[in-house]
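Here is how the chains run, residue by residue.
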Amino acid sequence: MTDLWQRTATDLAGLIRRREVSAVEVVQAHLDRIAAVNPQINAIVTLDPEGALAAARSSLPAGPLHGLPIAFKDTHETQGMRTTFGSPLFADHVPDYDTLCVARITRAGAIRLGKTNVPEFGAGSHTFNPVFGVTRNPHDLSRSAGGSSGGAAAALASGMLPIADGGDMGGSLRNPASFCGVVGFRPTPGRVPSWPTDSPWDTLTTAGPMARNVPDVALLLSAMAGPDPRSPIALDTPGPAFLTDLSRDLAGLRLAWSPTLGGLPVDPAVLDVLTPAVTLFESLGCTVDLADPDLAEAELIFRTLRAHQFNLAFGPAFDAHPAAFKPSLAANIRAGRALTAEDLGRASQAWSRLWRAGIAFFDRYDALLAPVSQVPPFPADWEYPHEVAGVPQESYLDWMRSAYHVTVMGAPALSVPAGLTPTGLPIGLQIITRPRSDLLALQIGAAFEKARGPLVSSQNGLAVGT
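Along each chain, residue indices are assigned from 1 in the same order as the chain's sequence is written. Note on the predicted model: pLDDT of at least 70 is required for a residue's local features to be given, and 80 or more for side-chain atom pairs to be given and counted; whole-chain, interface and lining totals, by contrast, use all residues. With hydrogens and water stripped out, all remaining heavy atoms of the structure feed into the side-chain values.

Novice: Could you give me a rundown of unusual backbone geometry, with the residues and numbers involved?
Specialist: Put simply, G147 and S148 share a cis peptide bond, and its omega is 10 degrees. The omega torsion of the bond from W195 to P196 falls at -5 degrees, within 30 degrees of zero and hence cis. Among the structural elements, P196 can be located in the loop between β9 (183-186) and β10 (206-211). Not every positive phi belongs to a glycine, and N42 is a case in point at roughly 65 degrees. In DSSP terms, a helix is any run of H or I states spanning at least four residues, a strand is any run of E spanning at least two, and both are numbered starting from the N terminus.

So, in structure tokens, the structure goes:
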């Protein structure tokens, strides 16, 4: 078979399971694709072809991901393979352990090819760093692939990988999925537990799955999810619960469509794609209302707690090597140091109020629909867009509010491709459901994906259609 790199993960897993193709053939097909297109895109930054082929040759059926190639996000530690965090400080860092999500994916049978590119320390939603440079969007090489899982999204979109892992604090699974026309899922915090970690109670950040379609995301989630006694927030549902048919009749569901999430600036090109796409849900029997959740305090909550966490995580390295940090990241660390106990208390109280408002909102609606990103993919030589719909953006975080305001809801949030702009740039729709209702978000996304139909791949031939 000559088209293995274009196949879905579910198709490839079935072919391998039925012994119609071997794991070696699948891995080799993706290595060939990497050799053909990665020099233009720069999505995969560490590659071990010999190790991957050796693992494929010796692999035995071990789980739902048996034989599927993967490259892990370069902020996720991988035993015996360089993990740089996109920082010169860790350019030669080789961990002696796998982080939990990596270990689970490997135990489920996936074959490690290498690592995918990230911004410096995973900060920001545009993937560039001084170690490996910028990752480019397969749909238009002059545009950003998003971030911080930008290397993962670009590798998926160009057929270099069938599945990819990522992480999300302020949109790092969702924004790159939107920019690259793939699917990214921020699960409910605790669905994919983290270990080791210095912040075991953290619910801002979570690992999660990415793929080119929703069923493949569910397949990867089945390996990543499940309880772990070392995580105090881990949810009890076992991962195989997501190995299920996602088909569901959506008739009767009550959906809220919030085009600006309460007044955020959104580029008209985004809404020109999303507004007609949302009408597909009415054809599926859903009731769709214009309604905004109460996110008035989301900005205070996210900015305060993120700054606090960045200071805890990166402060010591910043003290020792201040010149090694990009200015925007250094500013975040300093902001964390300026916080008082009263600041943290106010953020905590505000988060409690927002949580209660969110639960009340999901008593009225089964799901919330919103833009993933407020802008289409922007030029790759920008650090961030300096205006959105005529509104100035003062920092590299400002344009990401449609993602990080949702973060503090504590809810599962799925980014699924909704369509393309007239110039062929992907736009993602965000599907958010009640906390812990991850399966419902996947079912709604799968139904939307089926109703939407295939999207035409890029004109330059680098991106695979979805």
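Novice: So what's going on with the sheet that holds strand β1 (residues 44-47)? Which residues, and what values?
Specialist: When DSSP finds two or more bridges between two strands, those strands count as paired. The strand order across the open sheet formed by three strands is β1-β3-β2, and the pairing between neighbours is mixed. Each edge of the sheet is formed by a strand with only one pairing partner; in this case those strands are β1 and β2 (69-73). When the angles between neighbouring strand axes are averaged without regard to direction, this sheet yields 40 degrees. When β1 meets strand β3 (residues 111-116), the two strands line up antiparallel, connected through three bridges. When the sheet's bridge partners are listed, T46 is paired in β3 with K115. The sheet strands contacting helix α3 (residues 49-58) are β1 and β3, and the helix crosses β3 at an angle near 155 degrees. With axes taken as lines fitted to C-alpha atoms, and helix axes fitted only over the stretch in contact, angles between N-to-C directions fall between 0 and 180 degrees. The criterion used for residue contact is that any of the two residues' heavy atoms lie within 4.5 Å.

Novice: Break down the pattern of salt bridges for me, citing the residues and quoting the values.
Specialist: The working definition used for a salt bridge is a side-chain nitrogen of Lys or Arg within 4 Å of a carboxyl oxygen of Asp or Glu. Within this structure, the stated rule accounts for 16 salt bridges. Among the ionic pairs, R174 bridges to D168, the shortest N-O distance being 2.9 Å. We call a residue buried when its accessible area falls under 20% of the maximum for its residue type, exposed when it is over 50%, and partly exposed in between, using a 1.4 Å probe and counting protein chains only. Since its relative accessible area comes to 0%, D168 is described here as buried. Here the salt bridges do not stand alone but share partners, grouping E299, R303, D398 and R401 into one network.

Novice: Lay out the sheet that holds strand β12 (residues 287-290) with the relevant residues and their values.
Specialist: With respect to topology, eight strands assemble into an open sheet ordered β8-β10-β9-β16-β17-β13-β11-β12, the strand pairing being mixed. The open sheet has two free edges, formed respectively by β8 (163-168) and β12, since each of these has just one partner strand. Taking each pair of neighbouring strands and ignoring which way they run, the sheet shows an average axis angle of 25 degrees.

Novice: Outline the nonpolar core, listing residues and values.
Specialist: One finds L65, F281, L429 and L442 to be the most contacted residues of the largest nonpolar core, which totals 63 residues. It is helix α7 (residues 214-224) that provides the largest number of residues to this core, a total of eight residues. Setting aside chain neighbours within four positions, we find F281 in contact with L250, L255, C286, V288, L369, L429, I431, I444 and F448. F85, L264, L329 and M409 belong to the second largest nonpolar core, which has 46 residues in total. For this analysis, a nonpolar core means a set of buried residues of the types Ala, Val, Leu, Ile, Met, Phe, Trp, Tyr and Cys, connected via side-chain atoms within 4.5 Å.

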